[in-house]
Every structure is written in C-alpha cells, then in structure tokens.
Amino acid sequence: MILTVTLNTALDITYHVRTLRPHGSHRVSEVTERPGGKGLNVGRVLAALGHEVTVTGFTGGATGRAVRDQLAGTAGVVDALVPVQGSTRRTIAVVDTTTGDTTQLNEPGPAITPAEWSAFQETYERLLRSASAVALCGSLPPGVPVGAYAQLIRTARASAVPVLLDTSGEPLRRGVAARPDIVKPNAEELAELTGSHDPSQATRSARRRGAHTVVASLGAEGLLAENAAGRWRAAPPRRVHGNPTGAGDSAVAGLLSGLVEDLPWPERLARAVALSAATVLAPAAGEFDHAAYEALAGQVAVTSEASAA
Ligand SMILES: O=P(O)(O)OC[C@@]1(O)O[C@H](CO)[C@@H](O)[C@@H]1O
C-alpha cells in the first residue's frame with residue numbers, strides 16, 4: 001500500500017459566495033465539508049486511481065469524528081489515524097464565484113502532547129513495514145517538533161521506503177536536509193527555502209541541500225522537475241479555471257502512483273499535471289474531474305531541458 005501522513009488533518013469547508021468583499025457580510029450559495037489536510041487529499045486521489053492507500057496522522061474531537069466518518073465511506077482508503085485529545089482543525093476556502101479566486105483560512109490545529117507524538121511514531125514505524133512509498137504532507141500542528149519530518153524521512157529511508165515531502169518553512173528546510181527521495185514545493189515555498197525566485201536555480205539549490213528529486217509546482221505553468229537523470233518541464237495544454245485548493249495534492253498523488261508503477265519521469269510528470277488541472281475543475285480538494293483527467297492526460301507537453309550541473 002501507499003502510506004500518506006497528515007499530521008495536521010482538517011475538516012475542509014468550502015464556501016461559494018458571489019463576490020468576496022473584506023469587511024462585508026456574505027450569503028453563502030453553496031457549502032461542502034470534506035476530510036482535508038494535504039495527505040488525506042493525496043490518499044483520496046490515489047484511491048480513485050485504483051491504489052491501496054493507508055492514511056495516518058492525528059484526529060480528535062467532533063471535527064475529527066466528521067473526518068473519520070467521511071473517510072469510512074471512501075473506497076480504497078484505510079484509516080490508521082491516531083486519536084488525540086485536542087480537536088482536529090477546520091480549514092476554510094472561500095470561492096468567489098464572480099472572479100473564480102479562492103481565499104483560504106487555515107486554523108493552526110490541536111496541541112499534540114509528547115505521548116501522542118510517541119504513539120504516532122510507533123504507528124508510523126509499523127505501517128512502513130507494508131508500505132511501497134510514503135508521502136509526508138502539510139503543516140505541523142502545535143507541539144510536534146519542527147524537525148518531525150526530518151526524523152520521519154530518516155525512518156523511512158532506514159526501512160528502504162521511498163519518501164516524498166510536501167511542506168513549507170522550517171519543517172521543509174530540515175526535511176530536505178534529511179535527503180527525501182522527492183520534495184514537491186510550490187514556487188513560493190521553493191523561493192523561501194533557497195532564497196532564489198528563479199525556479200531553475202532554486203530547484204538546483206534544493207537538490208544541493210539534499211533532495212534527490214525536486215518537483216516544483218508552478219501554478220498554471222505546470223511542473224518543473226530535476227534529479228540526477230535530467231530536468232523536465234511539464235505544462236498543461238491550456239489554463240484551467242476553478243478552485244485550485246488541493247491541486248498540488250493531486251500532483252503528489254500522480255507522482256507517487258508513477259513511482260510505485262515505476263513509470264519513466266516524463267510520464268509521472270504528465271500524470272501529475274493532468275490530475276492537478278482536473279482537480280482545479282472539481283469543486284473540492286481531494287476530488288478531480290475524471291473526464292477532464294482522461295482528456296488532459298494525453299495532452300500534457302513534457303520537455304526535457306539541459307541537464308543540471
Ligand atoms: O495548513 P496546511 O497543512 O499547509 O494545508 C492545509 C490545507 O489547506 O491544504 C489542503 C489543500 O492543499 C487542504 O485540504 C487543507 O486544509
């Protein structure tokens with residue numbers, strides 16, 4: 001199975017409003033509630049692609065129960081979430097239906113105790129024994145050490161399980177230094193990590209810091225990937241409009257499925273870009289428009305660039 005880790009799970013609430021105005025009062029025309037946090041989205045997309053998935057991380061309180069109840073109805077996803085005393089956070093995405101822009105509000109998450117963190121590490125080590133790959137995704141809730149991902153990467157590497165990291169800030173910096181197989185930052189996270197706003201320079205710099213393969217998500221422009229074998233750009237055939245929440249998570253699902261199927265890198269990237277675009281066309285994170293995915297899959301342009309120095 002593929003294992004995804006979401007230490008800061010969420011109940012994702014998406015509101016649609018006609019025009020979002022700061023200081024204004026708004027009528028919500030549509031609301032959806034879904035299990036969220038990046039790794040849960042990755043897991044749902046992987047399951048929809050036909051992979052066996054186990055999700056772990058922390059959940060607690062009434063929001064945690066809502067997350068678990070919905071996951072229980074998701075075919076192909078095994079729930080190995082670790083219960084905690086605190087309450088799973090809510091994250092709010094407000095979609096302005098006039099402009100198509102999305103505004104996000106992410107709560108910090110529950111405080112995790114040292115005993116809960118230890119319980120998680122035991123669960124993680126046990127699950128790694130039957131994992132073909134693991135993805136470590138999203139922010140850290142309060143109480144989890146900032147070097148948590150670095151530690152989880154070292155554990156995965158010691159168990160010879162390929163590991164992908166998708167996070168930001170200091171957890172990303174420390175995680176990259178622990179030499180993950182793949183790191184998938186967006187342009188902003190990559191610039192913060194490396195100090196460079198030039199994606200080509202920044203991917204190279206992130207590799208020098210320890211990541212074997214760097215896959216940078218560049219929004220509507222697609223992906224830029226670099227490893228010892230080469231450098232590729234993968235771009236969707238056209239700009240798609242919709243809710244981008246979770247588009248990066250679908251790209252991660254595409255990369256992981258390609259990894260366990262042992263696809264060549266250009267095919268992995270094409271799949272990741274098609275899934276990502278098809279997610280923008282779906283109303284909520286962790287879902288994608290299947291017909292659009294099928295249509296886009298053959299239309300992603302992947303070009304090989306001069307190899308990295
Ligand atoms: O606060 P984090 O963990 O960085 O991001 C959380 C989050 O915004 O990311 C997902 C979309 O990628 C949402 O499902 C989720 O709520």
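As the structure is a prediction and not an experimental result, all values here were calculated from the model. (Residues numbered from 1 in each chain as written. Predicted model: local features only at pLDDT ≥ 70, side-chain atom pairs only at ≥ 80, totals over all residues. Heavy atoms only, no water.)

So, on to the overall build of the chain. Summing up its helical and strand segments, the chain has 10 helices and 15 strands in all. Here the chain has a C-alpha radius of gyration of 18 Å; the compact-globule value for 309 residues is 19 Å, and the two agree. Seen through its C-alpha atoms, the chain measures out along the principal axes to roughly 50 × 45 × 35 Å. For the chain, the proportion of its 309 residues judged to be buried stands at 55%. Taking the contacts inside the chain whose residues are at least 6 apart along the sequence as the reference set, 66% of them involve residues at least 24 apart. Surface exposure of the chain reaches about 13100 Å², of which carbon and sulfur atoms provide 49%. Within the chain, the 29 negative side-chain charges are centred at a point lying 4 Å from the centre of the 28 positive side-chain charges. (Helix = DSSP H or I, 4+ residues; strand = E, 2+ residues; numbered from the N terminus. Rg over C-alpha atoms; globule rule 2.2 N^0.38 Å. Buried < 20%, exposed > 50% of the residue type's maximum accessible area, 1.4 Å probe, protein only. Contact = heavy atoms within 4.5 Å. Areas by Shrake-Rupley, 256 points an atom, 1.4 Å probe, with all protein chains shown as cover. Lys, Arg positive; Asp, Glu negative; His and termini not counted. Charge placed at Lys NZ, Arg CZ, Asp CG, Glu CD.)

By nearness alone, 14 residues border the ligand, and Asp12, Asn41, Thr91, Gln104 and Asp249 come closest of all. Measuring from an oxygen atom of the ligand, one finds a side-chain N or O atom of Arg89 at 2.9 Å. In the model, an oxygen atom of the ligand is placed 2.8 Å from a nitrogen or oxygen of the Asp249 side chain. Taken by itself the ligand offers 400 Å² of open surface, and the protein chains cover 90% of this. Of all the secondary structure elements, the ones that give two or more residues to the shell around the ligand are helix H1 (38–48), strand E7 (89–96) and strand E8 (102–106). By residue class, the composition of the shell around the ligand is no nonpolar, 10 polar and four charged. (Near = heavy atom within 4 Å. Polar contact = N/O pair within 3.5 Å; in protein donor to acceptor, adjacent residues only side chain to side chain. Nonpolar A, V, L, I, M, F, W, Y, C, P; charged D, E, K, R; others polar.)

For the chain, the mean per-residue pLDDT works out to 94, and 99% of the residues sit at or above 70. Reported confidence for the predicted complex is 0.98 by ipTM and 0.95 by pTM. (pLDDT = per-residue confidence, 0-100.)

Attention now goes to the pairing of strand E13 (residues 223–227). Within E13, five of the five residues are buried, leaving the element largely enclosed by the surrounding structure. Burial of E13 is two-sided: the residues Leu223, Ala225 and Asn227 facing one way and the residues Leu224 and Glu226 facing the other way are all buried. Relative to E13, strand E12 (residues 213–217) runs antiparallel, the two being bridged by four bridges. Following the sheet pairing, Val215 is matched in E13 by Ala225. The turn joining E12 and E13, which pair antiparallel and follow one another in sequence, is formed by five residues; a positive phi near 60 degrees is taken by Gly219. Note: E13 against strand E14 (residues 230–235), five bridges, orientation antiparallel. (Pairing = 2+ DSSP bridges.)

So, on to the side chain of Ser250. As for its placement among the helices and strands, Ser250 is situated in helix H8 (residues 247–260). Side-chain polar atoms of Ser250 contact the side chain of Thr279, separated by 2.6 Å. Not counting residues within four places of it along the chain, the set of residues in contact with Ser250 comprises Val45, Leu275, Ser276 and Thr279.

Okay, the environment of Gly219 next. Inspection of the secondary structure puts Gly219 in the loop between E12 and E13. Among the residues examined, Gly219 registers a relative accessible area of 62% and is labelled exposed. Through-space distance from the C-alpha of Gly219 to that of Pro236 is 10 Å; in sequence the pair is 17 residues apart.

The N-to-C vectors of H8 and helix H9 (residues 265–280) enclose an angle of 150 degrees; their axes lie 7 Å apart at closest approach. In terms of orientation, H8 and H9 fall into the roughly antiparallel class. As H8 packs across H9, the resulting crossing turns out to be right-handed. Mapping the contact onto sequence places Ala247, Gly248, Ser250, Ala251, Ala253, Gly254, Leu255, Ser257, Gly258 and Leu259 in H8 and Trp265, Arg268, Leu269, Arg271, Ala272, Leu275, Ser276, Thr279 and Val280 in H9. Tallied by class, the residues present in the contact of H8 with H9 amount to 10 nonpolar, seven polar and two charged. (Axes fitted to C-alpha atoms, helices over the stretch in contact; angles between N-to-C directions. Parallel < 35°, antiparallel > 145°, perpendicular 65-115°, else oblique. Left-handed = near helix turned anticlockwise from the far one by under 90°.)

We now examine the packing of helix H3 (residues 114–128) against helix H4 (residues 148–158). Viewed as axis vectors pointing N to C, H3 and H4 meet at an angle of 30 degrees, and their least axial separation amounts to 11 Å. By the angle class used here, H3 and H4 are roughly parallel. The two elements H3 and H4 cross, and the hand of that crossing is right-handed. Residue-level contacts link Trp117, Phe120, Gln121, Tyr124, Glu125 and Leu128 of H3 to Ala148, Gln151, Leu152, Thr155 and Ala156 of H4. Its residues assigned to classes, the contact of H3 with H4 shows seven nonpolar, three polar and one charged.

Next up on the list: the packing of aromatic side chains. What characterises a pair of aromatic rings is the spacing of the ring centres plus the angle enclosed by the ring planes. Per the stated rule, a full pass over the model turns up five aromatic pairs. Ring plane angle 80 degrees and centroid distance 5.7 Å describe the contact between Phe288 and Tyr293, whose orientation is recorded as edge-to-face. Judged on exposure class, the residue Phe288 and its partner Tyr293 are both buried. The structure contains a cluster of three or more aromatic residues connected by ring pairs, namely Phe58, Trp117, Phe120 and Tyr124. Across from the ring centre of Trp265, 4.5 Å away, lies the NZ or CZ of Arg268, which sits over that ring. (Phe/Tyr/Trp six-rings, centres within 6.5 Å; stacked < 30°, edge-to-face > 60°. Lys NZ or Arg CZ within 6 Å of the ring centre and 35° of its normal.)

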